[in-house]
Amino acid sequence: MTTTMLEWTVRTHCKEYELGGSFSILLFFFKLPNVPDDPSKWPLDSHYIGAFHAMVDYPPEEGNEDRFISGFVHINKPILKRSPQQSPPSNALKVEHVVPFLKKNLYWGVMKADGTVPDLSSFPSLEVMVMATPLTFYPGSEYPEAGEPVLYPEITRGKPGGAKD
């Protein structure tokens, strides 16, 4: 029997050198005020779901100042763990359940390598976007076949560092 499921992913996209060195974009379910005040404890918090880490050799070589980088964090497991639509698991990953859940609960913060947290207004190139890629499992095949990813800009639009228009 052929089955298809969605692989939900958060894509971060930003200028590599905009913050002046290495940084991490940490993802959470539920707003940052619910996360510890001390940023060094963010990765240990129960609301933490993953991160993109950019190891940046600063200063940039001439001509690379505006180079963009992207990172991807797969979030199916955190969705299944926290979504109100947990039974059966295939329902929890459907668009009609995931989009409103993430729109309400997905947040992020940025931490520099020295532990400081820049205001997101100082990071205008940052764009956090959610996408879903259909994975089709065919009988007898060892791995699924990936379809075309679908972007859901409405999930992050309007939040600092969210989808741009």
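Computed from a predicted model, the values in this text were never measured in an experiment.

## Focus on the overall build of the protein chain
Looking only at helices and strands, one finds three helices and eight strands in the protein chain. Starting at the N terminus and walking to the C terminus, you meet the elements of the protein chain as β-β-β-β-α-α-α-β-β-β-β. The globule rule puts the C-alpha radius of gyration for 165 residues at 15 Å, and the 17 Å found for the protein chain is close to it. The proportion of buried residues among the 165 residues of the protein chain is 44%.

## What to know about the pairing of strand 4 (residues 68-74)
Going residue by residue along strand 4, you find Ile69, Gly71 and Val73 tucked away on one face and Phe68, Ser70, Phe72 and His74 left uncovered on the opposite face. Relative to strand 4, strand 1 (residues 3-15) runs antiparallel, the two sharing seven bridges. Across the sheet, lysine 15 pairs through a bridge with phenylalanine 68, a residue of strand 4.

## Brief notes about the pattern of salt bridges
Scanning the entire structure with this criterion turns up three salt bridges. We note a salt bridge from lysine 15 to aspartate 66, for which the minimum N-O separation is 3.4 Å. Of this pair, lysine 15 sits in strand 1 while aspartate 66 sits in the loop between strand 3 (48-54) and strand 4; the two residues are 51 residues apart in sequence, bridging distant segments of the chain. Measuring nitrogen to oxygen at the nearest pair gives 2.7 Å for the salt bridge that ties arginine 67 to glutamate 16. Within this pair, whereas arginine 67 is found in the loop between strand 3 and strand 4, its partner glutamate 16 is found in the loop between strand 1 and strand 2 (23-29), the two being separated by 51 residues in sequence. Given a relative accessible area of 37%, arginine 67 falls into the partly exposed group. Residue classification places glutamate 16 among the buried residues on the basis of a relative accessible area of 10%.

Conventions and cut-offs
- Residues numbered from 1 in each chain as written.
- Predicted model: local features only at pLDDT ≥ 70, side-chain atom pairs only at ≥ 80, totals over all residues.
- Heavy atoms only, no water.
- Helix = DSSP H or I, 4+ residues; strand = E, 2+ residues; numbered from the N terminus.
- Rg over C-alpha atoms; globule rule 2.2 N^0.38 Å.
- Buried < 20%, exposed > 50% of the residue type's maximum accessible area, 1.4 Å probe, protein only.
- Pairing = 2+ DSSP bridges.
- Salt bridge = Lys/Arg side-chain N within 4 Å of Asp/Glu carboxyl O.

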